[in-house]
Amino acid sequence: MYTMIRIGLLGCGNIGHLIAKYREGVEIVALYDILHERALDLATCCNGRPYQDFDEFLNADMDLVVEAASVRAVMRYAEQILVSGKDMIVMSVGAFSDQEFYSRIREIAIEHHRKVRIPSGAVMGLDNAKIGQIGGIDRVLLRTTKNPKSLGLELTEKTEIFHGRAGDCIRAFPKNLNVSVALTLASGKDVDVELFADPAVDRNIHEITMEGKFGDAYIRVRNIPSPDNPATSYLAALSILTLLKNLDEPIVVGT
Ligand SMILES: NC(=O)C1=CN([C@@H]2O[C@H](COP(=O)(O)OP(=O)(O)OC[C@H]3O[C@@H](n4cnc5c(N)ncnc54)[C@H](O)[C@@H]3O)[C@@H](O)[C@H]2O)C=CC1
Ligand SMILES: O=C([O-])CC(=O)C(=O)O
């Protein structure tokens, strides 16, 4: 017997709309967006109640909050959400590149017996990267290529626009490289990032190279951009839907 999971949506943009459209076994009871008209608009497709006040949103009768808003929103609200007794799904995982913030949220989750779940988002291979916590991973490289428009740029040829560590990359591109921080958390290795803008591509391409005690791996994902936000891969929204669908599954596949 499966129960309906009651969620609150923090962020009613592109991913929020995809969750509302394709949800299964999930009831959206509350909606919050810094742009209130977006919460009002999304409420018309899912019967959830739009809130203008965050504290009132948090008091709604729900099991967990799904964040699909921004790195800043995670930093601002995560602690309050966990303390209020709700679990959390965090899409803007870039917030956790701040080590102090990460440790604090972890402590609060332990203290309040809550879970923070980070979906696989726009990449594949996070589950196996976790062996890095035990077997050891020597190097992780993420090479991301997007159309310049996704990065808010106008370019006529392929250009490398960032080369460095994940923590620095997410500060420069908080809407585009959350995946680099997810990979860092999974592998336990500060990920090297190369970011390219290429006007010839119409996909969000993530290439991951990993080397460690297990051997080596190369994973390439050529993601179709989301309908309403080309910076966000469609796969990322699907990963939240899948996570929600599997919360109550008795048999769990994957590491
Ligand atoms: N982990 C991953 O692999 C991925 C993470 N993301 C991240 O997921 C998040 C959502 O993505 P999309 O829905 O495509 O973005 P979007 O820009 O279409 O929607 C975000 C919504 O959140 C709202 N918002 C922003 N800051 C807020 C705040 N402080 N409080 C309340 N509402 C706020 C905006 O007004 C907007 O309506 C973004 O941060 C994006 O970077 C996106 C793709 C992959
Ligand atoms: O959706 C993607 O391809 C990646 C992305 O925006 C992010 O990691 O923030």
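The rules behind these values
Residues numbered from 1 in each chain as written. Chains lettered and ligands numbered in written order. Predicted model: local features only at pLDDT ≥ 70, side-chain atom pairs only at ≥ 80, totals over all residues. Heavy atoms only, no water. Near = heavy atom within 4 Å. Polar contact = N/O pair within 3.5 Å; in protein donor to acceptor, adjacent residues only side chain to side chain. Helix = DSSP H or I, 4+ residues; strand = E, 2+ residues; numbered from the N terminus. Nonpolar A, V, L, I, M, F, W, Y, C, P; charged D, E, K, R; others polar. Areas by Shrake-Rupley, 256 points an atom, 1.4 Å probe, with all protein chains shown as cover. Domains from an automatic or database assignment. Phe/Tyr/Trp six-rings, centres within 6.5 Å; stacked < 30°, edge-to-face > 60°. Buried < 20%, exposed > 50% of the residue type's maximum accessible area, 1.4 Å probe, protein only. Lys NZ or Arg CZ within 6 Å of the ring centre and 35° of its normal. Contact = heavy atoms within 4.5 Å. Buried area = accessible area lost by both parts, 1.4 Å probe.

## Topic: the site of ligand 2
By nearness alone, every residue bordering ligand 2 is listed as Ala122, Lys146, Lys175, Asn176, Leu177, Asn178, Val179, Asn204, His206, Ala231, Thr232 and Ser233. Taking Asn178, its main chain carries an N or O atom lying 2.9 Å from an oxygen atom of ligand 2. Within the backbone of Val179, one N or O atom sits 2.8 Å away from an oxygen atom of ligand 2. Listed by contribution, the elements that provide at least two residues to the shell around ligand 2 are helix 8 (178–187) and strand 10 (204–212). Tallied by class, residues from the shell around ligand 2 come to four nonpolar, six polar and two charged.

## A look at the site of ligand 1
Around ligand 1 lies a shell of 28 residues, among which Ile15, Asp33, Arg38, Ser92 and Thr232 are the nearest. Within the contact set of ligand 1, an oxygen atom lies 2.8 Å away from a backbone nitrogen or oxygen of Ile15. Look at ligand 1: alone it shows 860 Å² of surface, and the protein chains cover 88% of it. Contributions of two or more residues to the shell around ligand 1 are made by helix 1 (14–22), helix 4 (71–83) and helix 8. By residue class, the composition of the shell around ligand 1 is 16 nonpolar, nine polar and three charged. Here the shell around ligand 1 spans two domains, since at least three of its residues come from each of domain 1 (5–121 + 236–246) and domain 2 (126–223).

## Examining the packing of aromatic side chains
Within this structure, the stated rule accounts for eight aromatic pairs. Judged by centre distance (5.7 Å) and plane angle (25°), the ring pair of Phe96 and Phe101 falls under stacked. Classification of Phe96 as buried rests on a relative accessible area of 4%. Aromatic ring contacts, followed pair by pair, group Tyr32, Tyr51, Phe54, Phe57 and Tyr77 into a single cluster. In this structure, Lys158 is placed above the aromatic ring of Phe196, and the distance from its NZ or CZ to the ring centre is 4.9 Å.

## Digging into the domain arrangement of the chain
Structurally, the chain comprises domain 1 (5–121 + 236–246) and domain 2 (126–223). Placing the centre of domain 1 and that of domain 2 at their C-alpha centroids yields a distance of 24 Å. At the junction of the two partners, domain 1 supplies 11 residues and domain 2 supplies nine residues. Taken together, both faces of the contact between domain 1 and domain 2 bury some 690 Å²; the carbon and sulfur share is 76%. The tally of links between domain 1 and domain 2 comes to two residue pairs in polar contact (both at pLDDT 80 or more). In the side of domain 1 that touches domain 2, the residues fall into seven nonpolar, four polar and no charged.

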